[in-house]
Structure formats: structure tokens, C-alpha cells
Amino acid sequence: MTTPQPPPVAPTHLLRTHSSSVSTVFVSSDNERIYSGDASGLVVVTSTRSLRPITKWSAHTDSLLGIEEWGNRVITHARDNKLHIWTRVQELPLSARVGSVAQSVGEQTIPQLCYSMDVNALNYCRFSLLPNTSDEAQALVALPNLVDSTSDEPSSSTSGCELRLLCAYESGSVTLRRYARADKATSVEGAGWEVIWDVKVHAETKLGFVTVMAMRVSRNNRFALTVSADHLVGWYDLTLVTARMLFIRPSIRLYSTRTMKPLGTLKYHKAGCQGVEFAHSLDTVMTNNVDEEVNDDSDSEEELSESEKEKRAQWLIAGGKDNRVSIWTLMNFAKS
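Each chain has its residues counted from 1, following the order in which its sequence is written. Residues qualify for local features only when their pLDDT is at least 70, as the model is predicted, and side-chain atom pairs are given and counted only at 80 or more; totals for whole chains, interfaces and linings, by contrast, use all residues. With hydrogens and water stripped out, all remaining heavy atoms of the structure feed into the side-chain values.

Draft legend 1. Examining the sheet that holds strand β5 (residues 53–58) more closely. Here the rule is simple: two strands pair whenever DSSP picks up at least two bridges between them. Under the DSSP-based scheme used, a helix requires at least four consecutive residues in state H or I and a strand at least two consecutive residues in state E, with every element numbered from the N terminus. Read from one edge of the open sheet, four strands run β2-β3-β4-β5, paired in antiparallel fashion. Every other strand in the sheet has two partners, leaving β2 (22–27) and β5 as the edge strands with one partner each. Along the sheet, successive strands turn relative to each other by an average axial angle of 15°, direction set aside. A fitted line through C-alpha atoms serves as each axis, taken over the contacting stretch for helices, and the angle formed by two N-to-C directions is quoted from 0 to 180°.

Draft legend 2. Highlighting the sheet that holds strand β9 (residues 113–118). Across the sheet, which stays open at both edges, the four strands sit in the order β6-β7-β8-β9 with antiparallel pairing between neighbours. Two strands close off the open sheet at either side, each with one partner strand: β6 (64–70) and β9. The average angle at which neighbouring strand axes cross in this sheet is 15°, direction not considered. Taken together, the six bridges between β6 and strand β7 (residues 73–78) define a ladder with antiparallel strand orientation.

Draft legend 3. Expanded view of the environment of Trp57. Here Trp57 is to be found in strand β5. Burial classes: relative accessible area under 20% of the type maximum marks a residue as buried, over 50% as exposed, and values in between as partly exposed (1.4 Å probe, protein chains only). The buried category is assigned to Trp57, whose relative accessible area is 6%. Separated by 14 residues in the primary sequence, Trp57 and Val43 have C-alpha atoms spaced 5.6 Å apart. Sequence-distant contacts of Trp57, defined by excluding residues within four places in its chain, comprise Gly41, Leu42, Val43, Val45, Trp86, Ile110 and Pro111. Should any heavy atoms of two residues lie within 4.5 Å, those residues are counted as being in contact.

Draft legend 4. Looking closely at the pattern of salt bridges. Every case where a carboxyl oxygen of Asp or Glu lies within 4 Å of a side-chain nitrogen of Lys or Arg is listed as a salt bridge. By the definition in use, this model includes 13 salt bridges. For Arg178, the salt bridge is made with Glu194, and the minimal N-O distance between the two is 2.9 Å. Of this pair, Arg178 sits in strand β14 (residues 173–179) while Glu194 sits in strand β15 (residues 193–200), placing them 16 residues apart in sequence. Owing to a relative accessible area of 27%, Arg178 belongs among the partly exposed residues under this scheme. Each of Asp30, Arg33, Glu69 and Arg88 takes part in one network of salt bridges that share partners.

Draft legend 5. Summary view of unusual backbone geometry. One non-glycine residue, Leu51, lies in positive phi territory at about 60°. By secondary structure assignment, the location of Leu51 is in the loop between β4 (42–47) and β5. One non-glycine residue with positive phi stands out, namely Asn221, at about 60°. By the element assignment, Asn221 lies in the loop between β16 (212–217) and β17 (223–228). Look at Asn221 and you get partly exposed, because its relative accessible area is 27%.

Spelled out as C-alpha cells, the structure:
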């Protein structure tokens, strides 16, 4: 007698606020808001407490590449070769969010455009943000060159007081650079940038494709991951000069970054996912709240219990080509 297989894991929640393919997702540092952008240029901000939209607006005229909060601002980047900085809309109090009247008020509250700049989005490379820890009003943004679009997915990080830039290229290589000119704060045509190491782990496929299609640096800046058309995940230790490869399959596959062993598979989006994002750990959220001293979007009438906050900190958010955003509650993989 065969043992029946357990039913497949289902998403904890589903968001159906988009009518176009979802291309990117982002979670705020306090886990209060989910940002999702789609192929039409629409951005939706969803409350993680009520799972209802806080605001939505047409931020761009083409598909979103990236969204990120920066203090009380929101940065959006899209295929229309534009990067915009918007005001962040505060969530209405609970009393104003009850009934149809609240919905109409929420729809009228849209972010205001603060700044805008022309960028190069021909290679689908999204921006990378490095906030200034000593001055919240300043930050660095990494973007492809407007003239020579040869880099893909740049990402900034710091090691002590040293500015570093990690770039992945269409050749399949990944290069880590540092800015060595302490006497000058600006660089012209790459002057002052030194190569720390250059690694290539992605191999050519039968069609000849080796382009790094996406790259992500861990939140503690200790390692980075890349994916390419060779169906391999490249793993890079940013504290050393080491790299590894791992075969992946379609759907959402979870792996331990410590051992690179598979932890499970999440299947729901039939047409594929274009964006995934983890919620922030509870320790990180508590630290952010202490630093900010106040949580503008919280509401005492709907305060979450510690258990609810812990579950929310274990969320994984995914955006699919089926126009839906799925929310998964993961188990604790601390020992994996």
C-alpha cells in the first residue's frame, strides 16, 4: 500500500490588484508595506496588515524594473528609461479605511513626483541604492552608463569605510571594484575604481547565451547570487574570492545560502515568476523601528501580536506573469 502524498503547499495570501504581468516586488524595512510593479508601469502599495492597497498609480509608461523605499521617499525604475523619486504615501487610519468612502479617498491619494532622471534601461538592468547612514537625505544610486550599456545589475556595498561596486556583465562575468581615491568624492569615466576580483562561473549554452540576467547581494553584504540562461545559480563570497554553481529548476526553489542544499519548492504561478522578495527578520524590523523612533504607518487599533509579527517576518513575496502576487509563510530555516 502506497503512502498518499501530502497536498502541495498553497500561498498564505493572494493579491489580485494588477491587470498586467507583475515584474518586480519589494518589502519595506518595517514589513508594513508590499510594493509591486507590473508591465504597464503601474505601482501598487499594499498594507501587510489589511492586505488592501494603500495607494496605486501609473509611475511609468513601460514595465517596472525595480522599486525601493528610501526614507519617506519611493524610488521607481522602468523600461521607459526613467528613474523617478516620489513622496511616500502614509496609510490612512483605521477609521478612514472603513467602507466605500475610504476606498475612494485611498484612490485619490497618490505620491507626488519629486525628482526624475534619464537612465539606460536597454539591458533590463535595475538600479541599486546605497543609503548614506550618516545623512538620511543622501544616497548613492548605481545605474548602467547612458552611452555604453555593457554592465548588468550593478550593486553597491561598503566594507568598513570603503565604497565597493559589484557588477555583472553580459559576458557572464562578475567583477568587484573599490573606489580608491580618498581625495576625490567624484569619478569621471571610471577613474579611481580598482578591480578587486573578476570571476566567471556561468558557462555558454548551446545558443551561446552567458548573460547574467539578475544579481542580488545579501542584506548583510557578505555574499551575492546570480542567475543566467545556463540554469545555474552563481554564489559569490564577498569577503573572499570564491564562487560556486548550483543547478536550478523552474518554479520557486528555496536553497540554504549556508550549504546551498535545497529546502523546498513552491508552486503556484503557472506562467513563471519575475520577482521574489523575503520579508525582513523580526530582529531587523525591531532595530529599524528603534532607529526611526516612530512607525508612521502603525495603528494602535490594529496592533499585531508578537506571534503575528513573527509569521509576517517569515513571508516570501512573489510576483508572477499571471498578474498575481503570492504571499507564502515559510517555516523557520535557522538550522538549515
